[in-house]
Structure formats: structure tokens, C-alpha cells
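Chains, contacts and geometry: an overview
Letter by letter, the chains look like this.
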Amino acid sequence: MRQWHKNTDAGVETGVYTMRLDPATGLVVSLQSRTSATEWVARCEGAAFGRPFVAGTQMQETPVPMAGAFLGDGSWRAVSPSGATELRYIFADDGFSIDATLPRRTGPRTGLTLDLNHLDLATGTPWAEQLTPVVIHVAEDTSYAYFIWHRSEHEHLVMAVDGPFAAWRLRYSYWGHRMTGFQLLSLADDVLDEGDARLRRVESLRIHVAFAGTVAQAMERARTLLGLAMVVPELTGVPVGGDMPIRIAGSPCAVRHILPDGAETPLAVTDAAARPVFVQPGIHRIEAVSANGRVHATRILCHDDWQTLFTRCANFHAKHFQHECGAFFRAIDNMTLKPDRLTLEGLSYGDPFCPSSCRTGEFGGFAGWLLLKTMMLFGRDDRLMRAVDR
């Protein structure tokens, strides 16, 4: 492994990436691949990569002040004035790791802000070079996770959470669908799980960051960083009676196929591949257990034939979502299935002529496409044709 070297401006250079860190704040202020001068991290007002926070809510949080410096072993240490919060960066040629020690009992949310150069952020980067998430996998018990971001077909960043955490969060703008940041939480006491229990609480986080070309290479990088055996299906849905090619990456100790009714059935694996037939309707679960005890699971929906699904959905939209003028609403009232009540925000419900309402938006396009596609695939339907004509 090639050794990185330290620059006078608090920088790190390897054969794969360059990084600059700010001693006054402890933050990563620049992260670039050797193959591109485009920033991976966000460089705009309010954004930060490597900033701990406390007293967080859905809308805001309190940053923890930090200062950083290189240590004698070549790592970078950022620490708060009290010493209760510490980040240690450990560098390798093809990536780096962050070991974070975070404050306790400082909720409702405590965690680490890791803002990347997300699509639509005003960083001055052309949108085609900004990042979007392409793969997100979180263990059900939040004992590990990996996130893969891409900015082109041949540039991917892997963020692997190597250990337990409370939750993760993509921050969005209040208006519109703009990603404004990413957070990894060690505490989230204002969120309850399905059983009305509080989420896991931890006091430390370990994160690996690496770089890859294709998404397949990024998946393999995440697998090796976390010591996983992976279940990689070709698709996530199959009609009743159909089969599904599944690739098993790594060396699992066990592979399990759990049926929708909870029963377990053997899964024959030959040359790191399986091709089970799905007979029972519902959600099937395929698990690979790695040597370190981690379970990588994927769900596959065994559903009715496509004609049944398309026809059912198209008729539901035509019945419950269409206004007399022909426009489709993008929401329905969950109590009456009729667009005649106000939304929770107090806006006019479903009035396509009102400038402030749950109007058609992109949903109208999806609904119209569904009706047309159903008839293109399976033949003319008089009821759907009337809806289309309207």
C-alpha cells in the first residue's frame, strides 16, 4: 500500500485522491479524485464534511466546535474544546476511515454531518458532475450500512458504516425535492421504530470512504470493507411461478430463503449462484450470513402477473384520482378517497385551478402514462379509454 504524505497546507495526497483539512475547524474542505478536479464534498454555505453536532432536530442542530492537527502516526485528529468529541482520520492509498467519538445524552439527535456535493446544491459544480445516491443498503438492526454515490457511470464513492449506529438521514429542502446534506446519527431519540421503541444509541461511529469506477466495483469495495457475503439478485420482483437469477458474492457461512409465511426453504447454491423458483405470493427474503456474523438480506416480491397489476392500478387511478376536468391529482384523502378536503398544511385539496393545492404535478403524468401503457400492453379497455379521452 502506497504511503500518503502530508502537505504544508494540511493536505493528504495518495495515488487515488487528494484531501485538504482545515486545522481551525477540523473539517474536510476538499476531496478530489486523481482522475478529476471535481469536488466530492460540498463547498457552499452551511455545508460541512466531518462536523459533529448535538441537540439536533428535523430542522436544525448545534455544531460542535472542533480543531484539528496531524499526529505523529500520520493520522488526523479533530477534537472539541472539552475533549468529549473526537474524530480520527486514518489514511490509506485507496481511501480513508473516520473513527468518531460523540457526546452522550445530547439529543434528541446527535451525529456527524457528511455533506457531499449533492445534486442541486449551489456549489458551482455543473449538475452532471454532482452526486446522487445509487445504492443504499442498511442492516435491519443498523449494525452496518453502505451508501454508494455516483456522479458519472465511471466515478463512484463508497461510504461504509462499519459498526452500529442509530439512523441515517438525507436532508431535503422544505420546498421541492433538493438534497441538501447527509447525516449519520449516533442518537435519534425523537424517532420511534415500528414497535414504538427508541432507536439504538451509540457513542462512537466508524466510517470507511473509498473510490471505485463502476457500481459493480463499488459494491465489491463495500463488501470487502465490511467483510460481507452479499446476495445480489438480478431483479427485485418476479411473477408467481417465475424464477430469479441470484449471485452470491463472497464466502457465506449460510444462505437462507425465507418465504412470506415465515417458513425457511433450502436454497441450492452452485458456483456462487442460485436460481430459485418463487411460488408463494408475497415478500421473499434471501439472506447470506458472513463469517463475522453479519447478515446481508434482500427482499424479492413475488407478485401477480403483470396484466393483473397494471389493470388493477390503472382502474384505481381512474376511479379515485381523476378530476372531472380530466386532470389527475397527486394525492388522495386517506379517509374518503375523494379529493374534497384540505391537506395537513391547510391547502386546497385537489383543485387543479388553484395555484396553491395538491395539483397534478408529476403525478398526473405517471397516472396518464399508466392508463396508456396498460392498454398498449394488454388491449383497449373502455373505462380506461374514457378516462384518457377526458
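Note that the structure is predicted; figures quoted are calculated from it, not measured. (Residues numbered from 1 in each chain as written. Predicted model: local features only at pLDDT ≥ 70, side-chain atom pairs only at ≥ 80, totals over all residues. Heavy atoms only, no water.)

**Observations regarding the overall build of the protein chain**
When you go through the protein chain residue by residue, the secondary structure sums to four helices and 25 strands. Expressed as a percentage of its 390 residues, the buried residues of the protein chain come to 46%. In the protein chain, of all internal contacts separated by at least 6 residues, the share reaching a separation of at least 24 is 53%. Summed over all atoms, the accessible surface of the protein chain reaches about 19800 Å², with 54% contributed by carbon and sulfur. (Helix = DSSP H or I, 4+ residues; strand = E, 2+ residues; numbered from the N terminus. Buried < 20%, exposed > 50% of the residue type's maximum accessible area, 1.4 Å probe, protein only. Contact = heavy atoms within 4.5 Å. Areas by Shrake-Rupley, 256 points an atom, 1.4 Å probe, with all protein chains shown as cover.)

**Describing helix α1 (residues 215-226)**
For α1, which comprises twelve residues, the first-to-last C-alpha distance of 17 Å matches the rise-based estimate of 16 Å (1.5 Å per residue) to within 8%. Turning to α1, the residues buried within the fold contact β12 (132-138), β13 (145-152), β14 (155-161), β17 (204-212), β18 (230-233) and β20 (246-249). (Expected span 1.5 Å × (residues − 1).)

**What about the pattern of salt bridges?**
For the coordinates displayed, the defined rule picks out 21 salt bridges. Residues R312 and D304 are paired through a salt bridge, measuring 3.2 Å at the closest nitrogen-oxygen approach. According to the relative accessible area criterion, D304 is partly exposed, its value standing at 31%. What emerges from the salt-bridge pattern is a single network uniting E140, R256, R285, E287 and R299. (Salt bridge = Lys/Arg side-chain N within 4 Å of Asp/Glu carboxyl O.)

**Focus on unusual backbone geometry**
Between G107 and the following residue, P108, the backbone shows a cis peptide bond with an omega angle of 10°. Within the secondary structure, P108 is located in the loop between β10 (95-101) and β11 (109-114). The backbone phi angle of A272 is positive, close to 60°, even though this residue is not glycine. With respect to the helices, strands and loops of the structure, A272 is situated in the loop between β22 (264-265) and β23 (273-274). With relative accessibility at 39%, the residue A272 sits in the partly exposed group.

**Quick notes on a nonpolar patch on the surface**
Together, M59, Y174 and W175 make up an exposed nonpolar region whose accessible area comes to about 510 Å². Looking at where W175 falls in the secondary structure, it is placed in the loop between β15 (167-172) and β16 (179-188). (Patch = residues over 30% accessible without salt bridge, like charges linked within 9 Å, V, L, I, M, F, W, Y side chains within 5 Å.)

**Points about a positive patch on the surface**
Residues K319, R383, R386 and R390 make up a contiguous surface patch of positive charge. Structurally, R386 is set in helix α4 (residues 382-389). Overall, the relative accessible area of 53% leaves R386 in the exposed class. (Lys, Arg positive; Asp, Glu negative; His and termini not counted. Charge placed at Lys NZ, Arg CZ, Asp CG, Glu CD.)

**Section: the sheet that holds strand β5 (residues 49-56)**
The strand order β6-β5-β11-β16-β15 describes an open sheet built from five strands, whose pairing is antiparallel. Taken across any chain shown, the strands that pair with only one partner, and hence form the sheet edges, are β6 (62-63) and β15. Here β15 pairs with β16 via six bridges, running antiparallel. Residue pairing for β16: W168 is matched across the bridge by L184. (Pairing = 2+ DSSP bridges.)

**Let's talk about the pairing of β11**
Counted residue by residue, β11 has six buried out of six residues, so it is predominantly covered. Of the pairings in the sheet, the one linking β11 to β16 comprises five bridges and is antiparallel in character. Its bridge partner being in β16, R109 is matched across the sheet by A188.

**Remarks on the pairing of β20**
Two strands pair when backbone bridges link them, and β18 and β20 are joined in this way by four bridges, in the antiparallel orientation. In the sheet register, V231 faces β20, and the bridge partner there is I248. Here β20 pairs with β23 via two bridges, running antiparallel. Across the sheet, the residue bridging to R247 is A273, located in β23.

**A closer look at the environment of A47**
Considering the arrangement of structural elements, one finds A47 in the loop between β4 (28-33) and β5. Along the primary structure A47 and G181 are separated by 134 residues, whereas in three dimensions their C-alpha atoms are 7.2 Å apart. Among all residues touching A47, those that are not within four sequence positions of it are A42 and D115.

**Some thoughts on the nonpolar core**
Counting residues in hydrophobic clusters, the biggest one holds 43 residues, and the most contacted among them are L31, F91, F96 and M159. Residue contributions to this core peak at four residues, all from β17. Of all hydrophobic cores here, the second largest spans 16 residues; its members include Y144, A210, A218 and L228. (Core = buried A, V, L, I, M, F, W, Y, C linked by side-chain atoms within 4.5 Å.)

**Brief notes about the packing of aromatic side chains**
Tallying each qualifying case throughout the model produces 13 aromatic pairs. Arranged with centres 5.9 Å apart and planes meeting at 50°, the rings of Y17 and F96 form a pair that is tilted. Residue Y17 is found in strand β3 (residues 17-21), and its partner F96 is found in strand β10; the two are separated by 79 residues along the sequence. No difference in accessibility class separates Y17 from F96, as the two residues are buried. Aromatic rings pair up to connect Y17, W40, F70, W76, Y89, F91, F96 and F211 into one cluster. The ring of W40 is capped by R151, whose NZ or CZ atom sits 3.7 Å from the centre of that ring. (Phe/Tyr/Trp six-rings, centres within 6.5 Å; stacked < 30°, edge-to-face > 60°. Lys NZ or Arg CZ within 6 Å of the ring centre and 35° of its normal.)

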